[in-house]
Amino acid sequence: MRDGINEEIMKKILLAGKIAGEARDYGAKLVEAGKKASEICELVENFIRERGAEPAFPCNISINEIAAHYTPGLFDDMEIPECAVVKVDVGAHVDGYIGDTAVTVDLCDKYGKLLEASREALNAARRALRSGVNLYELGKVIQNQIRKRGYKVIKNLTGHTIGRYLIHAGISIPNYADRLSIVIRIPPNTLLAIEPFATNGRGLVKEGNITNIFSYTGKRPKSELNHIEEKVLEVIEKKFKTLPFTPRWILKELSIDRETLDKTIRSLQAKKLLHGYPILIEAGKGVVAQFEHTFLVLKNNVIVTTDVSSNA
Ligand code: MN
Ligand code: MN
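Residues numbered from 1 in each chain as written. Chains lettered and ligands numbered in written order. Predicted model: local features only at pLDDT ≥ 70, side-chain atom pairs only at ≥ 80, totals over all residues. Heavy atoms only, no water.

### Some thoughts on the pairing of strand β3 (residues 85-94)
Burial of β3 is extensive: ten of the ten residues sit out of reach of the surface. Side chains of β3 alternate between two faces, with V85, K87, D89, G91 and H93 and V86, V88, V90, A92 and V94 buried alike. Bridge count for strand β1 (residues 54-63) against β3 is seven bridges, and the pairing is antiparallel. In the sheet register, I61 faces β3, and the bridge partner there is V88. What sits between the antiparallel neighbours β3 and strand β4 (residues 97-106) is a turn of two residues, in which D95 has the positive phi angle 55°. (Buried < 20%, exposed > 50% of the residue type's maximum accessible area, 1.4 Å probe, protein only. Helix = DSSP H or I, 4+ residues; strand = E, 2+ residues; numbered from the N terminus. Pairing = 2+ DSSP bridges.)

Printed below as a string of structure tokens:
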């Protein structure tokens, strides 16, 4: 997204951001104990579609020590527990231009300070963000807000630049003062997401054994696919390109049963045609808070595309 942000592209970026921001706030209001994650996610995803965008990735509802990447699966469907700390992470795209944004809901108001740490880290990053800023400085600003409230940054989760039909366009935005990124500066005309994760745990995530989010790798099959594999891959390529999706979405598209679809997805993954994103769990089982916005960094100003309070 470096060059050529003309008026038409700008409009799409802003619309995607606005819809993602509204969907995030709508999703946050739906969160309550005892509700199924699938009920919330389907409402959020339909909200995005009804407003003329498409989900850029499945609605993520990650609870307590799960930091990211949980979306309801074909067989498992989480219910929101009592007093949960719930991250609602939502993405919308218009013609491939993406808005990515998240908020944390604390159902029993027990983790106010933890949420504040992540939220204030995002606010501080927002104040520091400009074209030419180096990622070490930006990471330091984020980390300071979290540290001074007594929490840890999750070091192996980062923000990211965003491209057309690309959630992660190559540059990671660290949430700590990472010396390796001192030489990296944000060029003008960059779309990016910043997402500080704060925790009372170890400050690291590890992969869990649930995978409900996948994306097409863009590779051609090396061996013959069976009829169902071909059909499923065709739908994925056509509908989602290389953006993340969840099998729930395909079930509605194709008249096959859950077991067959699940088997087919796993086999496409084994053949390296699909990439899986397992849930990410805090390594010390700490509670995790996350706030995220998408920013369009221009030469002389920065637009927070997913802030619906300012661009309403
Ligand atoms: Mn996100
Ligand atoms: Mn993101």
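### What about the pairing of strand β8 (residues 190-194)?
With five of its five residues buried, β8 lies for the most part within the structure. Where strand β6 (residues 159-161) lies against β8, two bridges are found, and the strand directions are antiparallel. Looking across to β8, one finds that H160 is bridged to A193. Relative to strand β13 (residues 293-297), β8 runs antiparallel, the two sharing five bridges. Note that in β13 the partner of T190 across the bridge is V297.

### As for the coordination of the manganese ion (ligand 2)
The protein atoms donating to the manganese ion (ligand 2) are D100 (OD), H160 (NE2), E195 (OE) and E292 (OE), with metal-donor distances spanning 2.1 to 2.2 Å. Of note, the manganese ion (ligand 2) draws all its donor residues from one chain, in the sequence arrangement D-x59-H-x34-E-x96-E. A separation of 3.2 Å is found between the manganese ion (ligand 2) and the manganese ion (ligand 1), both of which receive a donor from D100. In this pair, E195 sits in the loop between β8 and β9 (197-199) while E292 sits in the loop between β12 (288-290) and β13, placing the two residues 97 residues apart along the sequence. Each member of the pair E195 and E292 is classed as buried. (Donors = N, O, S within 2.8 Å, 3.2 Å for Na, K, Ca; no water.)

### With respect to the coordination of the manganese ion (ligand 1)
Looking at the manganese ion (ligand 1), one finds its protein donor set to be D89 (OD), D89 (OD), D100 (OD) and E292 (OE), positioned 2.1 to 2.4 Å from the metal centre. Spacing between the donor residues of the manganese ion (ligand 1) along their common chain follows D-x10-D-x191-E.

### What about helix α7 (residues 258-270)?
For α7, which comprises 13 residues, the first-to-last C-alpha distance of 18 Å matches the rise-based estimate of 18 Å (1.5 Å per residue) to within 8%. Those residues of α7 not exposed but buried are L261, D262, T264, I265 and L268. Summarising the axial view, the buried residues of α7 lie within an arc of 165°, below the 170-degree limit, and thus occupy one face. Counted as exposed and oriented over 90 degrees from the buried face of α7: E259, K263 and A270. Buried residues in α7 make contact with β10 (205-216), α5 (227-240), α6 (247-253) and β11 (274-282). Regarding α7, its N-cap is D257, as a side-chain oxygen of that residue lies 3.2 Å from the backbone nitrogen of E259 further along. (Expected span 1.5 Å × (residues − 1). Arc of directions from axis to C-beta. Contact = heavy atoms within 4.5 Å. Polar contact = N/O pair within 3.5 Å; in protein donor to acceptor, adjacent residues only side chain to side chain.)

### A closer look at the side chain of E45
As for its position among the elements, E45 is in helix α2 (residues 37-50). Under the relative-accessibility criterion, E45 is labelled buried at 2%. Within the structure, E45 has its side chain in polar contact with the side chain of R248 (distance 3.0 Å).

### Focus: a nonpolar patch on the surface
On the surface, a nonpolar cluster with roughly 260 Å² of combined accessible area is contributed by I182, V183 and I184. Within the fold, I184 resides in the loop between β7 (172-173) and β8. On the basis of relative accessible area, I184 is assigned to the partly exposed category, the value being 32%. (Patch = residues over 30% accessible without salt bridge, like charges linked within 9 Å, V, L, I, M, F, W, Y side chains within 5 Å. Areas by Shrake-Rupley, 256 points an atom, 1.4 Å probe, with all protein chains shown as cover. Salt bridge = Lys/Arg side-chain N within 4 Å of Asp/Glu carboxyl O.)

### Observations regarding the packing of aromatic side chains
The final tally for this structure, using the stated rule, is four aromatic pairs. Judged by centre distance (6.2 Å) and plane angle (35°), the ring pair of F214 and F245 falls under tilted. Of the two residues, F214 sits in strand β10 while F245 sits in the loop between α5 and α6, which places them 31 residues apart along the sequence. F245 carries the same exposure label as F214, and that label is buried. (Phe/Tyr/Trp six-rings, centres within 6.5 Å; stacked < 30°, edge-to-face > 60°.)

### Details of the state of the cysteines
Tallied over the entire structure, the rule returns two disulfides. Note on cysteine connectivity: C41 is disulfide-linked to C59, with sulfurs 2.3 Å apart. Sign of the S-S torsion, about -65° for the bond between C41 and C59, identifies this disulfide as left-handed. Pair noted here: C41 is in helix α2 and C59 is in strand β1, with a separation of 18 residues, a long-range link. For C41, a relative accessible area of 0% translates into the label buried. (Disulfide = S-S within 2.5 Å.)

### Focus: the sheet that holds β13
Across the sheet, which stays open at both edges, the five strands sit in the order β7-β6-β8-β13-β14 with antiparallel pairing between neighbours. Each end of this open sheet is capped by a strand with a single partner; those strands are β7 and β14 (302-304). Relative to β7, β6 is paired through two bridges, and the arrangement is antiparallel. For H160, the partnering residue across the bridge sits in β7 and is S172. Seen against the sheet, helix α3 (residues 112-128) touches β8, β13 and β14 and runs at an angle of roughly 5° to β13. (Axes fitted to C-alpha atoms, helices over the stretch in contact; angles between N-to-C directions.)

Any link to function would need more than the numbers given here.
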